[in-house]
Amino acid sequence: MEQDEYQDENQNECHSDGLGECQTKLPTKRNTKRQTKNEVIFMGRSNVGKSTTLKVLTGRNVRVGKKPGVTLSPKNLEFSGLIVTDMPGFGYMANVTKQNQEKIKETIIHYVEDNAERIICAVLVLDAKAFIEIVDRWEGRNEHPIDQEMFEFLCDVDIDVIVAVNKMDKIKNNQQDITLDGIAERLDMLPPWRQWLDRIAPIAAKKGDVSALYALISDRLHKIGRDEWITHFKH
Ligand code: GDP
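Residues numbered from 1 in each chain as written. Predicted model: local features only at pLDDT ≥ 70, side-chain atom pairs only at ≥ 80, totals over all residues. Heavy atoms only, no water.

(A) Structural context of the site of the ligand. Taken together, 16 residues lie around the ligand, and Asn47, Lys50, Ser51, Thr52 and Asp169 are the ones closest in. Interatomic distance of 2.5 Å between a side-chain N/O atom of Ser51 and an oxygen atom of the ligand. Within the contact set of the ligand, an oxygen atom lies 2.5 Å away from a side-chain nitrogen or oxygen of Thr52. Protein contacts shield 79% of the accessible area of the ligand, which totals 590 Å² for the unbound molecule. Each residue belonging to the shell around the ligand can be placed in one class, and the counts come to 3 nonpolar, 6 polar and 7 charged. (Near = heavy atom within 4 Å. Polar contact = N/O pair within 3.5 Å; in protein donor to acceptor, adjacent residues only side chain to side chain. Areas by Shrake-Rupley, 256 points an atom, 1.4 Å probe, with all protein chains shown as cover. Nonpolar A, V, L, I, M, F, W, Y, C, P; charged D, E, K, R; others polar.)

So, in structure tokens, the structure goes:
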């Protein structure tokens, strides 16, 4: 039983007499946790098409008729061993107070920190049309929007991030490379974006086109020796 592998956290308390550091450190729950990776998390600003992407990719309806911002906690979808997590949408939402937006952000950050060891990768969904516009607007005020902040945070805690650039159908064919270069650049990935084909997946979830994302998730599952889990995804 996995539970038996853990030492009670309290057993690690060092009742030092103040003369020196406690030498024997018993393992804690945290440092003996099995390193098995089994979770893919989906994150994104509200309205980028995260629910649509998840629906197309997994066949599960995560929104279930709820208004954006109503779900404040991460939702775990179970697929015999694999967990796919739908994080609450972040950023500005009509009818969601600033306080609740902040709460959502904190919830996501804590969830990622607490579960980092089991996270295979994070899929950050962006809106192809809105992302550059939002970043540039914030840059004018010398600030970074939450999508950029979240990307940096994920990288800082060593989570493998796949950037799913959604709503590509809204971008004219001859503008697609320019748009993707612009997005890559704003995430500190030197353009051309095609250098980052292992990280950037242009998709159009509403049109059922998620094949680039499927391929990258497939690659991540392969790398951890879990090819069988790709059967839980469609494309
Ligand atoms: P969420 O808030 O991120 O979960 O976003 P939803 O999945 O609810 O989608 C928000 C809106 O974007 C809906 O009106 C969707 O139909 C639309 N949408 C989602 N994906 C796409 C896409 O690939 N292209 C276009 N044009 N619209 C999309």
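Here the narrative resumes.
(B) The sheet that holds strand 3 (residues 82-86), seen in detail. An order of 2-3-1-4-5-6 is seen for the 6 strands of this open sheet, with the pairing classed as mixed. A single partner strand is all that each edge strand has here, and the edge strands are strand 2 (75-79) and strand 6 (200-202). Strand-to-strand twist in this sheet, taken as the mean axis angle between neighbours without regard to direction, amounts to 20°. Both strand 4 (residues 119-127) and strand 5 (residues 161-166) contribute to a ladder of 6 bridges, which runs parallel. Bridge pairing links Val125 to Ala164 in strand 5. (Pairing = 2+ DSSP bridges. Helix = DSSP H or I, 4+ residues; strand = E, 2+ residues; numbered from the N terminus. Axes fitted to C-alpha atoms, helices over the stretch in contact; angles between N-to-C directions.)

(C) A look at the nonpolar core. Grouped together as the largest cluster of nonpolar side chains are 36 residues, with contacts concentrated most on Met43 and Val112. For this core, the elements supplying multiple residues, two or more each, are strand 1 (39-44), helix 3 (98-115), strand 4, helix 4 (130-139), helix 5 (146-156), strand 5 and helix 6 (176-186). Per-element accounting of this core gives the leading share, 5 residues, to helix 5. In this structure, Met43 is in contact with Lys50, Met87, Phe90, Ile108, Val123, Leu124, Val125, Met150 and Leu154, ignoring residues within four places of it in sequence. (Core = buried A, V, L, I, M, F, W, Y, C linked by side-chain atoms within 4.5 Å. Buried < 20%, exposed > 50% of the residue type's maximum accessible area, 1.4 Å probe, protein only. Contact = heavy atoms within 4.5 Å.)

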